[in-house]
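Structural description and commentary
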Amino acid sequence: MNRPDPARWRAAALAALWMQVAALLGTAAFALWRSADVSRYFNASEALLAALVMAWWTTLLGRVLTARPTPATDGVSRALTLTFPWLTSLRGALWGLTLFGILGGATPEANPVALTALLTLWGAAILASNATYGTLARLSSEPLAAAPRRRLMDWLNLSAALSLGMAVLNVVPIPGFSSAPTLSTQLVYGLGGLLDVTATLLALRALQVQPTPGGEESR
C-alpha cells in the first residue's frame, strides 16, 4: 500500500485554508452590501476578524506541518494569541443577544426544539473554534509534541462536524425565527460553510500524515 504524501496533503490543506481566508473577506463585504440594518456591521466585523485570525492560524499551521518551532515572541504567534479571544467574545456576544431575544419572546412562532438545536450547535461551534485556535498556538512552539497534536486533531475533527451543522442552519431557515434567505445569501453562506468543512478536514489529514519521531502517523 502506498504511503500518503505529507507534502501533497500539506499543500492541499494550506491552499484550502487560504481560500477560506479569502472567502471570509468576501463574506464581510457581502454582509455590508446585503442589508441596511445595524446587524450588518456585527456580521461584517465577525467575518473580518475571523479572516485575520484564520490567516495567522494558517501561517502557524504551515510551520507546524514542516516541524518549524515558533517562539512565543513571534509576531504571528502573538497576533493569534491576542486576537482569537476577541473573536470568541464577539461570537459569544452575538450568541448571547440571540438567546436573550428568544427568551424575551422575539420569536414566539418558532419551533422551540429547532431553536434549542440552533443555540446548542452554535455555542458548541464557538467553543470548538476557540479551542482549535488556542491548541495550535500552544503546539506551534513544539510542533511534534504528541499530546497537543492529538488534542488539535480531536478539536479539528469535532469542528468539522459542527461546521457542517452550522452550514446547514445558515442555508435552511427556521420558520418563525428567520426570513427565507435569498439565493445569493444561500450561495455565499452555503459555499463558505462547505469550504470551512473541507479546509478543516484537510488540515486534520495533513496533521495525521505528518512524519513524527518514531515514524508514527495515522492513515
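Now for a look at the structure at hand. (Residues numbered from 1 in each chain as written. Predicted model: local features only at pLDDT ≥ 70, side-chain atom pairs only at ≥ 80, totals over all residues. Heavy atoms only, no water.)

1. What to know about the environment of threonine 83
Put simply, the rule is: In this text, helices come from DSSP runs of H or I with a minimum length of four residues, and strands from runs of E with a minimum of two, each type numbered from the N-terminal end. Residue contacts follow a heavy-atom distance rule, with two residues in contact if any of their heavy atoms lie within 4.5 Å.
For threonine 83, the location among the structural elements is in helix 3 (residues 75-103). With residues near it in sequence (within four places) discarded, threonine 83 still touches Leu49, Val53 and Trp56.

2. Some thoughts on helix 3
Using the following cut-off: Take the number of residues in a helix, subtract one, and multiply by 1.5 Å to get its expected span. We define the bend at each residue as the angle formed by axes fitted to the 7 residues ending at it and the 7 residues starting at it. In protein, a polar contact means a hydrogen-donor-capable atom and an acceptor-capable atom, both N or O and within 3.5 Å, with residues adjacent in sequence counting only if both atoms are side-chain atoms; elsewhere, any N or O pair within 3.5 Å suffices.
Taking 1.5 Å of rise per residue, 29 residues should cover 42 Å, and helix 3 covers 42 Å from first to last C-alpha, within 8% of that figure. A maximum bend of about 25° is found in helix 3 at threonine 83, where proline proline 85 lies one to four positions downstream. A distance of 2.9 Å separates the backbone nitrogen of valine 76 from a side-chain oxygen at the start of helix 3, and that oxygen is part of aspartate 74. Once helix 3 finishes, glycine 105 follows within two positions and takes phi at roughly 90°, a positive value.

3. Here's the deal with a nonpolar patch on the surface
Quick note on the threshold: Patch criteria: residues need more than 30% relative accessible area and no salt bridge. Like-charged residues are merged within 9 Å; nonpolar side chains of Val, Leu, Ile, Met, Phe, Trp and Tyr are merged within 5 Å. Using a 1.4 Å probe, accessible areas were evaluated by the Shrake-Rupley method; residue-level cover was limited to the displayed protein chains. Within this document, salt bridges are pairs made up of a side-chain nitrogen of Lys or Arg and a carboxyl oxygen of Asp or Glu, the two lying within 4 Å of each other. For every residue, the accessible area obtained with a 1.4 Å probe (protein chains only) is divided by the maximum for its type, and the residue is called buried under 20%, exposed over 50%, and partly exposed between those limits.
A cluster of nonpolar side chains, namely Leu32, Val38, Tyr41 and Phe42, defines an oily patch on the protein surface of about 380 Å² accessible area. Look at leucine 32 and you get partly exposed, because its relative accessible area is 38%.

4. Side note on the packing of aromatic side chains
Quick note on the threshold: Side-chain rings of Phe, Tyr and Trp, where Trp is taken by its six-membered ring, are said to pair if the distance between their centres is within 6.5 Å; with planes under 30 degrees apart they count as stacked, over 60 as edge-to-face, and otherwise as tilted.
As enumerated under the stated definition, the model contains three aromatic pairs in all. Look at phenylalanine 30 and tryptophan 33: their rings are 5.5 Å apart centre to centre, the planes differ by 50°, and that puts the pair in the tilted class. With phenylalanine 30 and tryptophan 33 both in helix 1 (residues 6-34) and three residues apart, the pair spans about one turn of that helix. For phenylalanine 30, a relative accessible area of 9% gives the class buried.

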